[in-house]
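# Observations on the three-dimensional arrangement
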Amino acid sequence: MKFRAIKGVQDILPPDVYVWQEVESAARQVFAPFGYKEIRTPVMEFTEVFTRSIGETTDIVEKEMYTFNDRAGRSITLRPEGTAPVVRAYVENHLYRLPSPQKYYYIGPMFRYERPQRGRFRQFHQIGVEAFGEDDPRMDAEVLDMLRRFLERVGVEDLGFEINSIGCDACRPAYREAMVDFLSGRVDTLCTDCRRRYEVNPLRVLDCKAKGCSAMKEEAPRIIDYLCSDCRGHFEALRGHLESLGIPYRVNPGMVRGLDYYTRTTFEVTTESLGAQSAVAAGGRYDRLVEEFGGPAVPGIGFAIGMERLTMLIRDRHGVEEPAPSVYLAVIGADAEAAAYKLASEMRGSGIWAELDYSGASLRSQFKRADRLRAAYVFILGEDELARGAVRYKRLSDGLQGEIDMDDAVRFLSSQ
Ligand code: ATP
Ligand code: MG
C-alpha cells in the first residue's frame, strides 16, 4: 500500500456515516426550537486565540495543539476546541450588538495531539453550542435541558449528568491557597506536569488523569465549599431549576474541567460503556471570556458533544440502519436494457433510489444483486413486458408479484 492515513485520524465510511448524519440532523432539529443558529468558524486560528483562553498550563495548550508557522511566519493552530473560535467570531463580528441572548451551535472537526485509543483521536468531531448574554441560572438549566433532549432523541437518554460549580474570581484566591497548602505536602505523589503547575493553577491537578493526582481528589479541598455567596446562590438556583425540569443529576465536586476559561457551572455527561473515555459531552459557563477577547462584559455558557464517542454508543446499542434501494431494475435483452436505463433516470429524478447494472448479466445474477443490495422491489423488464408497456414486479420481503403499467412505475414506488 502506498499511502496510509495519519495516526489517530480516521475515515468515516458507510454504513457508520449514516449514524453521523442522523446525529447531526437530530442536533439541528433539537437545537432550533431553543433558538440556536448555526455558526461555522475556520478550522484554524491564530495560536493566541487558544493559548490565552484555554490557559497556558492546561494539557491542551501544553502538549496537545497542532501548531505551525505559516509561510509568513505567523503561528497558526488547528482548533482543539470550539468555544474560543466562536467567542472570537462573536467579538470580531460585533454579534453582541444583536438582541441578547445570542445562541449558536457548530458541528465540525477538532484536533488534539493525544495518544490515540478507543474513543480518543487526533482529529475528532464535536457538536457544540454557545449561548451568550444571560447569566441567570435558568439559562444553565435550559442548556442542560437541551442536551438531555438531544440525547433522548438519539436514544442514549440514560446517561449521567454531573454538575459542579468552580466559582468566580472572587472565590478562587481562598480556594487556591487551600489547595496549594494541601498539595505542597504531597508533591511527591504528583505527576511531573502537576508538580510544575500546581502553584499557578491547582485546579489542573483535579483534572489530571495520572494515578497519583487523581487519587488525591477524595481528600482535596473542594471548590464548592469555597464559593462566594453569589456563586453559591447561583448553584443552588441551578439545582432547583434542574429539579423542576425533571433532569436527574449528581453533584461531582471533583469535576473542574480542563480549560481555564470556565466560571461557576461546569458539567459532564458520562457513561460506563466506553471504558476510560467516559465523557460523552461536557461544558460550562464562561462569564469572563468575551471580555478577555476584547468584547463587552457578556456572560456565556456552552457544551461540546464528542461525536466519536456518541456514535460508538449509538452503534453499540441500536446498530446501524443502512438505507437500501427502492427498486432494482432487472432486464432481459437490449431493448429492455435501453428502456430501463431511461426509466432509472426518471425514477432517480423523482427521488426514488433505483439500481440497475450495465454488465448484461443473467436474470438470476441480477436478482442476486438486488438481494444483496436489500432492494425493496425488483422490476422485471423483458421483450414481452416492453411490448405491453408494462413491468412485472416482485416484492423481495414476501415474494408478492404483480404487473403495472410502465407509466405508473414512479407513482407505484412513491406510494410504497
Ligand atoms: P477527556 O476528559 O475525555 O479528555 P476533555 O475534557 O478533554 O475529555 P472536552 O475538551 O471537554 O474533553 O471536549 C468535549 C468532548 O469531546 C469530550 O467529552 C469527549 O467526548 C470529546 N473529546 C475530547 N477529546 C477527544 C479526543 N481526543 N477524541 C475523541 N473525542 C474527544
Ligand atoms: Mg482531554
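Residues numbered from 1 in each chain as written. Chains lettered and ligands numbered in written order. Predicted model: local features only at pLDDT ≥ 70, side-chain atom pairs only at ≥ 80, totals over all residues. Heavy atoms only, no water.

### Some details on the overall build of the protein chain
- Across its full length, the protein chain carries 16 helices and 16 strands.
- By the compact-globule yardstick of 22 Å for 416 residues, the protein chain is too spread out, its C-alpha radius of gyration being 28 Å.
- Reported as C-alpha extents along the three principal axes, the dimensions of the protein chain are approximately 90 × 50 × 45 Å.
- Residues counted as buried form 50% of the 416 residues belonging to the protein chain.
- Nonlocal contacts in the protein chain, meaning residues at least 24 apart in sequence, comprise 70% of its contacts between residues at least 6 apart.
- About 20,400 Å² of surface is accessible on the protein chain, with carbon and sulfur atoms providing 48% of the total.
- For the protein chain, the distance from the average site of its 56 positive side-chain charges to the average site of its 63 negative ones is 3 Å. (Helix = DSSP H or I, 4+ residues; strand = E, 2+ residues; numbered from the N terminus. Rg over C-alpha atoms; globule rule 2.2 N^0.38 Å. Buried < 20%, exposed > 50% of the residue type's maximum accessible area, 1.4 Å probe, protein only. Contact = heavy atoms within 4.5 Å. Areas by Shrake-Rupley, 256 points an atom, 1.4 Å probe, with all protein chains shown as cover. Lys, Arg positive; Asp, Glu negative; His and termini not counted. Charge placed at Lys NZ, Arg CZ, Asp CG, Glu CD.)

### Re the domain arrangement of the protein chain
- Here the protein chain is partitioned into domain 1 (16-168 + 227-318), domain 2 (172-224) and domain 3 (327-414).
- Inter-centroid distance (C-alpha atoms) of domain 1 to domain 2 is 24 Å.
- Tallying the contact residues gives 24 residues for domain 1 and 15 residues for domain 2.
- Approximately 1,500 Å² of surface area, both sides summed, lies buried where domain 1 meets domain 2, with 45% of it carried by carbon and sulfur atoms.
- Run the count over domain 1 and domain 2 and you get five salt bridges.
- Counting the contacts that link domain 1 with domain 2 gives 14 residue pairs in polar contact (both at pLDDT 80 or more).
- Elements with a contribution of two residues or more to the side of domain 1 that touches domain 2: helix 3 (59-64), strand 7 (160-165) and helix 10 (229-244).
- For the side of domain 1 that touches domain 2, the element with the highest residue contribution is helix 3, accounting for three residues. (Domains from an automatic or database assignment. Buried area = accessible area lost by both parts, 1.4 Å probe. Salt bridge = Lys/Arg side-chain N within 4 Å of Asp/Glu carboxyl O. Polar contact = N/O pair within 3.5 Å; in protein donor to acceptor, adjacent residues only side chain to side chain.)

### A short note on the environment of Val410
- Along the polypeptide, Val410 turns up in helix 16 (residues 409-414).
- Put simply, Val410 and Ile127 are 283 residues apart on the chain and 38 Å apart in space, counted from C-alpha to C-alpha.
- With near-sequence residues (within four places) excluded, Val410 lies in contact with Glu346, Met347, Ser350 and Ile352.

### Regarding the packing of helix 1 (residues 16-31) against helix 5 (residues 137-153)
- Closest axis-to-axis distance for the helix 1/helix 5 pair is 9 Å, and the angle between their directions is 140 degrees. On the basis of the axis angle, helix 1 is oblique to helix 5. Our pair here, helix 1 against helix 5, has a crossing hand that is right-handed. Note on element contacts: helix 5 touches helix 1 through Met146, Arg149, Phe150 and Arg153, opposite Val23, Ala26, Ala27, Gln29, Val30 and Phe31. (Axes fitted to C-alpha atoms, helices over the stretch in contact; angles between N-to-C directions. Parallel < 35°, antiparallel > 145°, perpendicular 65-115°, else oblique. Left-handed = near helix turned anticlockwise from the far one by under 90°.)

### What about the environment of Phe50?
- Here Phe50 shows up in helix 2 (residues 48-54).
- Residue classification places Phe50 among the buried positions, given a relative accessible area of 0%.
- Ignoring anything within four residues of it in the chain, the contact list for Phe50 reads Glu45, Gly55, Val61, Met65, Thr77, Arg79, Pro80, Glu81, Ala84 and Pro85.

### A few points about the sheet that holds strand 14 (residues 377-381)
- One open sheet accounts for five strands, arranged 13-12-14-15-16; its pairing is mixed. Strands with a single pairing partner mark the edges of an open sheet, and in this sheet they are strand 13 (354-355) and strand 16 (401-405).
- Two elements, strand 15 (residues 390-395) and strand 16, share five bridges in a ladder whose sense is antiparallel. For Val391, the partnering residue across the bridge sits in strand 16 and is Ile404. (Pairing = 2+ DSSP bridges.)

### Remarks on the pairing of strand 10 (residues 279-285)
- Judged by how many residues are buried, strand 10 sits mostly within the fold: six of seven residues are covered.
- Taken together, the six bridges between strand 9 (residues 263-270) and strand 10 define a ladder with antiparallel strand orientation. Each bridged residue has a counterpart across the sheet, and for Glu268 the counterpart in strand 10 is Ala282.
- In the sheet, strand 10 pairs with strand 11 (residues 300-306) via five bridges, with the strands oriented antiparallel. Of the residues in strand 11, the one forming a bridge with Arg285 is Ile301.

### Overview of the sheet that holds strand 1 (residues 37-38)
- The eight strands are arranged 1-5-6-11-10-9-7-8 in an open sheet whose pairing can be described as mixed. In this open sheet, the two edge strands, each paired with only one partner strand, are strand 1 and strand 8 (250-251).
- Relative to strand 11, strand 6 (residues 123-132) is paired through seven bridges, and the arrangement is antiparallel. Residue pairing in the sheet places Phe132 in a bridge with Gly300 of strand 11.
- Contacting strand 1, strand 5 (102-111), strand 6 and strand 11, helix 1 runs over the sheet at an angle of about 0 degrees to strand 6.
- Contacts from helix 4 (residues 83-92) reach strand 5 and strand 6, with the element oriented near 45 degrees to strand 6.

### Quick notes on the site of ligand 1
- Neighbouring residues of ligand 1: 16 residues in total, closest Arg112, Glu114, Lys209, Arg257 and Ala279.
- At 2.8 Å from an oxygen atom of ligand 1 is found a main-chain nitrogen or oxygen belonging to Ala279.
- When isolated, ligand 1 has an accessible area of 580 Å², and the protein chains bury 93% of it.
- Of all the secondary-structure elements, those providing two or more residues to the shell around ligand 1 are strand 6, strand 10 and strand 11.
- For the shell around ligand 1, the element with the most residues is strand 10, which contributes four residues. (Near = heavy atom within 4 Å.)

### Here we look at the side chain of Asn164
- Summarising the element assignment, Asn164 is placed in strand 7.
- Only 3.1 Å separates the side chain of Asn164 from the backbone oxygen of Pro253, close enough to count as a polar contact.
- Among the polar contacts listed, one links the side chain of Asn164 to the backbone oxygen of Met255, at a separation of 2.8 Å.
- With sequence-adjacent residues up to four places away left out, Asn164 is seen in contact with Ile223, Ile224, Phe235, Asn252, Pro253, Gly254, Met255, Arg264, Thr265 and Thr266.

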